[in-house]
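Coordinate inspection notes
The chain contents come next:
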Amino acid sequence: MSLLLKINVDDARFNPDVEFPTPHDLAASNGLTRGQKIATLDRWYQSVQRRMAATNEGMPPEGTTDHDTLLLAGINAALAEMSQTMHNAT
């Protein structure tokens, strides 16, 4: 049995950390198309990279860089998993 979760699509696409605890949860969501998931993961990745760059330039950190490093790895893993799933479907 499939469980459908109600999500706020705008938050899911533009503030994914509000709707999803992890990048894997975003990738597994039924509430977004594959293209929306990829674009959202890419935006999430860019946002984390900008935050890390600002921290490296002396701005006060918003979060821990260890958390951000793990988050980037999680985003990359979710994208790779989606790519592998697509490859296996063909």
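A few points on the structure. (Residues numbered from 1 in each chain as written. Predicted model: local features only at pLDDT ≥ 70, side-chain atom pairs only at ≥ 80, totals over all residues. Heavy atoms only, no water.)

1. Some words on the overall build of the protein
If you tally the helices and strands in the protein, you get five helices and zero strands. Mapped from its N terminus to its C terminus, the protein presents α and β elements in the order α-α-α-α-α. Per-residue burial for the protein yields a buried fraction of 26% across its 90 residues. When contacts within the protein are restricted to residue pairs at least 6 apart in sequence, those whose partners lie at least 24 apart make up 47%. If you sum the accessible surface of the protein, you get close to 6200 Å²; carbon and sulfur atoms cover 55% of it. (Helix = DSSP H or I, 4+ residues; strand = E, 2+ residues; numbered from the N terminus. Buried < 20%, exposed > 50% of the residue type's maximum accessible area, 1.4 Å probe, protein only. Contact = heavy atoms within 4.5 Å. Areas by Shrake-Rupley, 256 points an atom, 1.4 Å probe, with all protein chains shown as cover.)

2. A closer look at helix 4 (residues 34-56)
The end-to-end C-alpha distance of helix 4 is 33 Å, a good match for the 33 Å that 23 residues give at a rise of 1.5 Å each. When we look at burial in helix 4, the residues that qualify are Lys-37, Thr-40, Leu-41, Trp-44, Tyr-45, Val-48, Met-52, Ala-54 and Thr-55. (Expected span 1.5 Å × (residues − 1).)

3. With respect to the nonpolar core
Leu-26, Leu-41, Trp-44, Val-48 and Ile-75 are the most contacted members of the largest nonpolar core, which has 15 residues in total. Contributions of two or more residues to this core are made by helix 3 (23-28), helix 4 and helix 5 (65-89). Residues in contact with Val-48, not counting those within four places in the same chain, are Asp-68, Leu-71 and Leu-72. (Core = buried A, V, L, I, M, F, W, Y, C linked by side-chain atoms within 4.5 Å.)

4. Details of the environment of Asn-30
Relative to the assigned elements, Asn-30 resides in the loop between helix 3 and helix 4. Considering only alpha carbons, one finds Asn-30 and Lys-6, 24 residues apart in sequence, at a separation of 9.4 Å.

Any functional reading would require information beyond the geometric quantities listed.
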